[in-house]
Amino acid sequence: MLWTLLRRNQQGLHFRRQHPVGPFVLDFYCAAARLCVEIDGPAHDDRVQEDARRTAWLWSNEQIRVLRFSVEEIEKRPAVVLAAIAQAAPPSTA
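What you are looking at is a predicted structure, and each value in this text was computed from that prediction instead of being measured.

A full pass over the atoms with the stated rule returns two aromatic pairs. Arranged with centres 5.7 Å apart and planes meeting at 15°, the rings of Trp3 and Phe28 form a pair that is stacked. Here the residue Trp3 occupies a position in helix H1 (residues 2-7), and Phe28 occupies one in strand E2 (residues 24-30), the gap between them amounting to 25 residues. Taking the relative accessible area as the measure of exposure, Trp3 reaches 17% and is therefore buried.

And the structure:
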């Protein structure tokens with residue numbers, strides 16, 4: 001569902017899906033904004049520390065910010081999720 005919303009490009013951001021960075025594959029990545037959007041399903045409940053290390057690595061090595069949303073957030077409040085993504089992206093300099 002989120003990919004469909006991001007592909008519409010309403011925020012003027014170009015996201016790639018399943019984009020490799022270092023040892024990781026990011027759910028969604030916008031190179032221009034250096035922004036990663038991760039979707040956390042039930043499997044992530046047991047991976048909190050691993051996700052935190054991944055987020056720290058992405059910031060310290062690549063200066064990529066990570067936003068995490070649960071599947072439930074995306075399904076129930078997609079407009080709020082899109083607004084948070086737009087707010088996290090730096091303003092366009094074009």
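Right, picking up where we left off after that structure.
Before going further, it helps to examine the pattern of salt bridges. Counting across every chain of the model gives six salt bridges. The partner of Glu38 in a salt bridge is Arg54, with the nearest N and O atoms 3.2 Å apart. Highlighted residues: Glu38 in strand E3 (residues 35-40) and Arg54 in helix H2 (residues 48-62), separated in sequence by 16 residues. Residue Glu38 shares its accessibility class with Arg54, and that shared class is buried. Notably, a salt bridge pairs Glu72 with Lys76, separated by 3.2 Å at the nearest N-O pair. One end of the pair, Glu72, and the other, Lys76, are both in helix H3 (residues 71-76), four residues apart, so they sit about a helical turn from each other. Judged by relative accessible area, Glu72 falls into the partly exposed class, the value being 48%.

What counts, and where the lines are drawn
Here, residues in each chain are numbered from 1, in the same order as that chain's written sequence. In keeping with the predicted nature of the model, local features appear solely for residues at pLDDT of at least 70, side-chain atom pairs appear and are counted solely at 80 or more, and the whole-chain, interface and lining totals rest on all residues. To get the side-chain values, take all heavy atoms of the structure and skip hydrogens and water. Between rings of Phe, Tyr and Trp, where Trp is taken as its six-membered ring, a pair exists when centres lie within 6.5 Å; planes separated by under 30 degrees are stacked, by over 60 edge-to-face, and by other angles tilted. Elements are defined by DSSP. Helices are runs of H or I of four residues or more, strands are runs of E of two residues or more, and each kind is numbered from the N terminus. When a residue's accessible area, from a 1.4 Å probe over protein chains only, is under 20% of the maximum for its type it is buried; when over 50% it is exposed; and in between it is partly exposed. Salt bridges are defined by distance alone: a side-chain nitrogen of Lys or Arg within 4 Å of a carboxyl oxygen of Asp or Glu.

No statement about biological role is implied by the geometric values presented.
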